[in-house]
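Here's the letter readout for the chains.
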Amino acid sequence: MITIDDVKKLAKLSRLEFTDEEAAKFVGELEATLKQVDAINKVDVSKIDLIEDTINADTDLRRDEIIPSLTSSEIVANAPEREDGAFLVPVTVAEE
Amino acid sequence: MSWKTVIGLEVHSELNTKTKCFCGCKNEFGDKPNTNCCPVCTAMPGALPVLNRDAVERAILMGLAVGCKINNYSVFERKNYFYPDLAKAYQISQLEYPLCLGGGLEIEVDGVKKFIRLNRIHLEEDAGKLIHTSHGSLVDYNRGGVPLIEIVSEPDMNSAEEAVAYLEKLRSTLLYVGVSDCKMQEGSIRFDVNISVNREGEPLGTRTELKNLNSFKAVLRAIKYESARQIEELEAGRPIIQETRRWDDEKGKTYTMRTKEDSQDYRYFPDPDLIPLNVTDKYIESIRQKLPKLAPERKKEYISLGLTEQDATLLTNEREYADFFEAVLRELNEPKFVCNWITAEVFKKLNALEVDDRKITLNPALLAKMLKLYKDGEINQAGARKIFDIMWNDLTANPEKLVNELGLKQMNDTNELRAVLERIVNDNPKAVSELKAGNEKTMAFFVGQAMKATQGKANPKLVADIVRELIK
Amino acid sequence: MKYLDLSLSEVLDLLNAGKVSSVELVTECFDRINETSDLNALNSTYKDEAIKRAREIDERRKNGESVGALAGIPIVLKDNINYLGTKTTCASKFLENFVSPYSATCAERLHAADAIVIGKANMDEFAMGSSNENSAFGAVKNPVDNTRVPGGSSGGSACTVAARQCFAALGTDTGGSIREPSSFCGVVGIKPTYGRVSRYGVVAFASSLDQVGPITRTVRDNAMMLNVISGADEHDMTSSRVSVPDFTSKLEAGVKGIKIGVAKQFFTDALSGEVRNALDKAIEWYKNAGAEIVEIDLPSLVTALAVYYVISSAEAASNLARFDGVKYGRRAPEYTDIVDLYFKSRTQGFGAEVKRRIMLGNYVLSSGYYDAFYRKAKRVQKVIRNEFNEAFKLCDVLISPTTATTAFKLGEKANDCVAMYLTDIFTVPINIAGVPALSMPCGKDANGLPIGMQIIAKHFDEETIYQVANAFETAHKEDK
């Protein structure tokens with residue numbers, strides 16, 4: 001069962017805003033999708049591990065050699081707001 | 001019943017690779033904003049990470065140095081959260097399968113030794129930097145994507161002093177292994193502290209986390225403050241809330257940053273852009289071969305050369321000191337003599353500097369040259385100190401030239417000295433009789449007088465011999 | 001003569017023989033683009049640059065200088081593929097004005113082969129959709145019947161090729177996004193083996209499933225395009241080092257002795273009668289041509305769609321988090337602080353389907369649900385993979401319908417996301433298994449709408465797919 005509260009929590013996690021109407025509609029859609037998704041519970045996976053294919057750390061990784069960077073003006077060319085080669089955002093206090 | 005403080009530490013240390021963790025941009029910040037950046041480290045649509053082999057190797061090297069088990073199977077995961085310094089809105093890190101597990105370090109506080117267990121060492125990427133201005137924050141991704149290792153301890157420490165001893169040992173080990181520059185002021189090594197208190201014999205208390213401390217002093221003060229705060233709360237009957245707290249260095253207090261209720265859900269999952277790593281035993285062994293000699297091994301060697309345990313410890317506290325000692329020794333094989341000069345004179349100079357600036361820049365060969373002059377009696381201690389002072393600031397100063405320029409060559413001519421001393425002996429009958437009576441301290445008076453008369457050039461050993469001869 | 005009625009390989013021969021110039025081809029493409037602009041297949045075009053480049057290549061060819069494998073051929077890229085200096089919008093309002101500061105490896109390789117990129121194709125926003133109705137720049141229409149959808153998400157790519165606006169296009173395929181529109185538009189599209197083509201520079205939807213592939217009018221053209229874009233790339237750790245054969249080398253080898261697998265799980269009640277008949281006839285033709293038909297069981301196939309919605313949404317939620325209004329793309333005009341900037345920019349910039357997937361993805365990744373959904377789905381994915389691996393011990397290729405029906409009407413499924421998701425039921429398992437699959441026309445329904453046949457092979461065996469596909473195409477040329 002998905003509730004409006006679940007949807008609101010998810011929206012926050014997703015950094016998306018929904019009107020109440022949209023959120024209510026989304027409850028139904030999410031439930032319908034999850035009903036489909038329930039099919040994964042019908043497969044026996046008791047013998048399946050989650051170890052994936054690998055690459056070799058000694059031979060398959062990038063060599064530690066410098067590749068020329070872009071210029072700062074190329075880096076910020078698409079920025080909605082910029083200043084002196086940096087991206088400008090509203091004042092942000094340390095969090096992490 | 002008394003209170004017990006329980007401390008675990010997470011240390012983030014930037015690795016000194018040439019390039020970033022997932023792209024070929026220069027691993028260097030302090031440059032102009034966004035000049036060491038590419039589509040990958042600024043999260044342009046479509047860009048993909050490519051793992052730096054040396055970053056993996058350095059993480060493993062550190063793991064081997066502290067006795068970790070190296071995982072043959074290692075996975076990179078995405079830690080998802082929004083923050084402007086995190087270009088992709090996720091940090092590539094490790095959770096379930098880190099590169100290194102277990103291991104530990106021995107610390108010593110007030111003569112008591114203790115083993116601090118490690119939980120893990122994993123590899124991850126650093127975030128960019130925010131520069132605050134009056135009209136907004138500027139985002140610079142030069143540091144974004146720089147490789148970091150996170151070294152997580154078990155909660156094995158019980159005092160601020162133990163925590164700092166652990167950090168000092170860890171920093172020293174990082175420098176020995178040579179994988180990190182550990183510059184605290186530049187933030188290349190940072191500390192998170194987990195701390196709780198409980199009454200002796202009772203289960204562990206609720207812990208708080210202190211984030212992003214960047215000096216040993218801050219760690220020391222923050223732990224002392226926070227453990228006292230928790231005890232005070234509990235004694236007043238108020239529960240400790242599990243939360244992240246920020247240390248305000250100026251005010252000397254910790255403040256709530258966020259509580260567990262609004263803690264973030266990082267939604268870790270394996271990064272599909274990075275295939276899990278196979279780290280073969282053969283590769284691990286080949287990395288082990290690259291491990292430099294660490295402190296304990298070198299300490300043993302130094303003791304076998306005749307150094308005291310205390311001296312050997314002093315010299316091996318930092319790889320830099322040990323390396324310097326050995327470099328001087330290669331030019332002048334007088335272990336005890338070289339050690340004495342380094343632990344007395346060199347350390348005195350270093351201790352006058354800020355921790356981050358404590359670097360020996362002296363040329364070991366030139367220092368050896370100077371010490372040889374001293375050892376051979378060409379100059380006396382006063383002369384040696386004078387020359388050393390100059391050499392400390394002028395790295396190319398030639399000690400042999402300085403001896404001549406400053407006229408520091410020791411007076412070793414017995415006849416010349418005898419003439420000077422005959423006069424001194426004659427002028428000081430009282431001192432002569434004291435010396436004759438067996439007061440050896442009076443000899444220092446004669447040496448002093450001889451130095452005065454020779455502008456400090458007299459060979460003190462010769463002076464003593466001649467004085468004894470004259471008063472016979 | 002209309003050169004655009006010829007295939008890529010045919011005009012390449014003419015170019016090399018000096019019988020046509022690249023400038024003529026590019027000019028003809030732009031004439032056709034203008035005539036058929038109502039299809040809304042392209043988001044941007046570069047006429048001046050394309051003609052300039054065509055002139056340079058013509059010149060080099062005339063002077064006997066060496067030219068690339070696709071020299072002078074006008075092609076189109078899906079609008080989620082970066083090409084230096086061009087707009088890459090992903091058909092999203094969020095990236096409306098984003099100009100690529102670099103090129104995707106596949107675009108770079110086509111450029112190095114002297115192909116001429118003449119434009120970028122419309123698509124479902126961020127490649128999420130099966131009808132191309134999810135574009136911020138309007139739906140694409142099916143060139144066979146413009147009241148119908150072209151399929152999605154590479155609807156613009158399939159449309160531009162089918163409508164003869166260019167000779168080939170690149171699409172991307174996460175759950176069928178190349179094959180379904182190829183089927184609906186009557187063209188040839190391949191989703192190569194995962195890892196065959198570099199994803200570097202291709203805006204990610206679901207990283208572990210996304211693959212770039214060509215859409216063309218003939219099987220040979222398709223093989224020629226794949227030749228150019230395939231192979232390991234140092235910018236993409238998931239690109240494979242498996243060696244790349246010449247995909248055209250076995251085209252004429254025929255199907256005698258080839259084992260063709262048919263799995264009942266692909267022939268469900270959902271199939272329209274006409275699609276079933278067309279497939280039955282195709283299989284019958286293969287049998288008559290000397291192939292051996294083998295019955296295959298893929299019991300877990302039906303769960304692939306469920307696995308797909310968990311894995312693709314989870315990865316998408318994380319991949320699309322970088323669209324935050326800080327570095328590029330849309331920033332809401334008004335906001336109170338950085339957090340509000342995120343909320344507003346993303347809410348205004350993304351369409352409904354994209355939001356739906358992000359929400360679902362965060363749901364299956366969030367604490368408390370991760371094991372039950374994401375981990376479980378990854379395990380089921382392994383089961384499906386194993387079933388395909390077992391199947392290919394018994395047969396060389398599997399044949400199935402690409403889609404259960406032919407192209408549906410615009411708007412028909414727009415309000416029913418689950419019905420829309422079911423469109424991908426036969427294509428999604430291929431991405432889950434990571435194997436290659438091609439869709440090609442195998443007939444038409446009563447309305448003249450193309451029916452698509454899907455040919456699937458084991459990992460890195462695109463060569464056999466092309467061999468099997470070309471045999472059918474050669475024998476059915478006159479039907480077209």
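How each quantity is defined
- Residues numbered from 1 in each chain as written.
- Chains lettered and ligands numbered in written order.
- Predicted model: local features only at pLDDT ≥ 70, side-chain atom pairs only at ≥ 80, totals over all residues.
- Helix = DSSP H or I, 4+ residues; strand = E, 2+ residues; numbered from the N terminus.
- Rg over C-alpha atoms; globule rule 2.2 N^0.38 Å.
- Contact = placed C-beta atoms within 7 Å.
- Buried ≥ 20, exposed ≤ 12 C-beta atoms within 10 Å, placed from the backbone.
- Nonpolar A, V, L, I, M, F, W, Y, C, P; charged D, E, K, R; others polar.
- Pairing = 2+ DSSP bridges.
- Domains from an automatic or database assignment.
- pLDDT = per-residue confidence, 0-100.
- Axes fitted to C-alpha atoms, helices over the stretch in contact; angles between N-to-C directions.
- Parallel < 35°, antiparallel > 145°, perpendicular 65-115°, else oblique.
- Left-handed = near helix turned anticlockwise from the far one by under 90°.
- Core = buried A, V, L, I, M, F, W, Y, C linked by C-beta atoms within 7 Å.

J.: Quick question: what am I supposed to make of the overall build of chain B here?
T.: Each helix and strand counted, chain B has 15 helices and 17 strands in total. Since a compact globule built from 472 residues should have a radius of gyration of about 23 Å, the 29 Å found for chain B marks it as more spread out than a globular shape. Based on the C-alpha atoms only, the size of chain B along its principal axes is roughly 90 × 55 × 55 Å. Residue pairs in contact within chain B that sit at least 24 positions apart in sequence constitute 69% of those at least 6 positions apart.

J.: How do you make sense of the overall build of chain A when you look at a structure like this?
T.: A count of helical and extended segments in chain A gives 3 helices and 3 strands. Secondary structure elements of chain A, listed N to C terminal, follow the sequence α-α-β-α-β-β. Expected size for 96 residues packed as a compact globule is a radius of gyration near 12 Å; at 23 Å, chain A overshoots this value by more than 25%. In terms of its C-alpha atoms, chain A occupies a principal-axis envelope of roughly 50 × 45 × 25 Å. In chain A, buried positions account for 28% of the 96 residues.

J.: So what exactly am I meant to see when it comes to the interface of chain B and chain A here?
T.: Size of an interface: often given as the accessible area lost when the parts come together. Contacts between chain B and chain A engage 41 residues on the former and 34 residues on the latter. Contributing elements (two or more residues each) for the side of chain B that touches chain A: helix 1 (53-65), strand 9 (129-133), strand 10 (136-140) and strand 17 (277-278) of chain B. Broken down by element, the side of chain B that touches chain A gets its largest block of residues, 5 residues, from strand 10 of chain B. Its residues assigned to classes, the side of chain B that touches chain A comprises 21 nonpolar, 13 polar and 7 charged. Bridge count for strand 3 (residues 86-89) of chain A against strand 10 of chain B is 3 bridges, and the pairing is antiparallel. Paired with Val 89 of chain A across the strands is Ser 137 of chain B, a residue of strand 10 of chain B.

J.: Just checking my understanding: could you explain the interface of chain C and chain B for this structure?
T.: At the interface, 34 residues of chain C touch 25 residues of chain B. Secondary-structure elements contributing two or more residues to the side of chain C that touches chain B are helix 9 (304-319), helix 10 (338-349) and helix 11 (352-365) of chain C. A breakdown of the residues in the side of chain C that touches chain B according to their chemical character gives 16 nonpolar, 11 polar and 7 charged.

J.: What exactly am I supposed to notice about the domain arrangement of chain B here?
T.: If you check the domain split of chain B, you get domain 1 (3-283), domain 2 (291-405) and domain 3 (414-471). Each of domain 1 of chain B and domain 3 of chain B was reduced to a C-alpha centroid, and the two centroids are 64 Å apart.

J.: What exactly am I supposed to notice about the environment of Ile 60 of chain B here?
T.: Summarising the element assignment, Ile 60 of chain B is placed in helix 1. Along the backbone, Ile 60 of chain B and His 122 of chain B are 62 residues apart, and their C-alpha atoms lie at a distance of 9.0 Å.

J.: Looking at this model, I keep getting lost on the confidence of the model for chain B. Mind explaining?
T.: Detailed conclusions should not be drawn from predicted coordinates in areas where pLDDT is low. The pLDDT averaged across chain B works out to 92; a share of 99% of its residues lies at or above 70. For this predicted complex, the interface score ipTM comes out at 0.96, alongside a pTM of 0.92.

J.: What is the right way to read unusual backbone geometry from this model?
T.: Note on backbone geometry: most residues besides glycine have negative phi, and most peptide bonds are trans. Residues and elements named next belong to chain C. With omega at 5 degrees, the peptide bond leading from Gly 152 into Ser 153 counts as cis. As for its position among the elements, Ser 153 is in the loop between strand 3 (116-121) and helix 5 (155-162). Even without a glycine there, the phi angle at Cys 90 is positive, about 55 degrees. Structurally, Cys 90 is set in the loop between strand 2 (74-78) and helix 4 (105-112). A positive phi angle, near 70 degrees, is found at Ala 127, a position not held by glycine. If you trace the backbone, Ala 127 turns up in the loop between strand 3 and helix 5.

J.: In this structure, what is going on with the packing of helix 7 (residues 319-331) of chain B against helix 9 (residues 364-375) of chain B? I would like to understand it.
T.: For any two helices packed against each other, the geometry is given by the interaxial angle and the distance between the axes. Residue and element names in this part refer to chain B. Where helix 7 meets helix 9, the closest approach of the two axes is 8 Å, and the angle between their N-to-C directions is 55 degrees. Taken as axis vectors, helix 7 and helix 9 run oblique relative to one another. Between helix 7 and helix 9 lies a crossing whose hand is right-handed. Along its contact with helix 7, which presents Phe 324, Ala 327, Val 328 and Glu 331, the element helix 9 presents Pro 364, Ala 365, Leu 367 and Ala 368.

J.: What is the right way to look at the nonpolar core in this model?
T.: Soluble globular proteins tend to bury their nonpolar side chains together. By size, the foremost hydrophobic cluster in this structure holds 273 residues, and its most contacted members are Ala 163 and Val 193 of chain B together with Ile 75, Val 307 and Val 310 of chain C. When residues in this core are grouped by element, the largest group, 11 residues, is from helix 9 of chain C. Once residues lying within four places of it in the same chain are set aside, the contact partners of Ala 163 of chain B are Ile 7, Leu 9, Met 157, Val 193, Val 219 and Ile 223 of chain B. Counting 31 residues, the second largest nonpolar core, distinct from the first, contains Phe 325, Cys 339, Ile 379 and Phe 388 of chain B.

J.: Teacher, can you tell me more about the pairing of strand 11 (residues 450-457) of chain C here?
T.: Side chains on a regular strand alternate between the two faces of the sheet. Residue and element names in this part refer to chain C. Counted residue by residue, strand 11 has 8 buried out of 8 residues, so it is predominantly covered. Judged by which residues are buried, strand 11 turns out to be covered on both faces: Pro 450, Gly 452, Gln 454 and Ile 456 on one side and Ile 451, Met 453, Ile 455 and Ala 457 on the other are all buried. Relative to strand 11, strand 10 (residues 437-444) runs antiparallel, the two being bridged by 6 bridges. Bridge pairing links Ser 439 to Gln 454 in strand 11. Connecting strand 10 to the antiparallel partner strand 11 that follows it, the hairpin turn spans 5 residues, and Gly 448 within it adopts a positive phi of roughly 80 degrees.

J.: What am I meant to see in the packing of helix 2 (residues 20-37) of chain A against helix 11 of chain C here?
T.: Interaxial distance between helix 2 of chain A and helix 11 of chain C falls to 11 Å at its minimum, and their mutual angle equals 60 degrees. As summarised for this structure, helix 2 of chain A and helix 11 of chain C are arranged oblique, according to the angle between their axes. When the axes of helix 2 of chain A and helix 11 of chain C are compared, the crossing they make is right-handed. Residue-level inspection shows Phe 26, Glu 29, Leu 30 and Thr 33 of chain A of helix 2 of chain A in contact with helix 11 of chain C, the latter providing Arg 356, Met 359, Leu 360 and Tyr 363 of chain C.

J.: I keep staring at the sheet that holds strand 17 of chain B and nothing clicks. Help me out?
T.: Whenever strands of a sheet pair, they do so through backbone hydrogen bonds, lying parallel or antiparallel. Here 3 strands make up an open sheet; going across it, the order is 1(A)-17(B)-3(B) and the pairing mixed. Strands at the two margins of the open sheet, each flanked by one partner only, are strand 1 (55-56) of chain A together with strand 3 (73-74) of chain B. Bridging between strand 1 of chain A and strand 17 of chain B involves 2 bridges; their strand directions are parallel. Bridge assignment links Ile 55 of chain A to a residue of strand 17 of chain B, and that residue is Leu 277 of chain B.

J.: It is not clear to me how the sheet that holds strand 9 of chain B should be interpreted in this structure. Could you clarify?
T.: Taken in spatial order, the 4 strands of this open sheet run 2(A)-3(A)-10(B)-9(B), and their pairing is antiparallel. Of all the strands in the sheet, just strand 2 (82-83) of chain A together with strand 9 of chain B have a single pairing partner and so form its edges. Looking at chain direction, strand 9 of chain B and strand 10 of chain B are connected through 5 bridges and run antiparallel. Paired with Lys 129 of chain B across the strands is Asp 140 of chain B, a residue of strand 10 of chain B.

J.: Could you clarify how one ought to interpret helix 6 (residues 309-316) of chain B in this entry?
T.: Given 3.6 residues to a turn, an α-helix orients residues that are three or four positions apart in the same direction. Listing the buried residues of helix 6 of chain B in full gives Asp 311, Ala 312, Leu 314, Leu 315 and Thr 316 of chain B. Looking at the buried residues of helix 6 of chain B, the elements they touch are helix 5 (295-304), helix 7 and helix 8 (335-351) of chain B.

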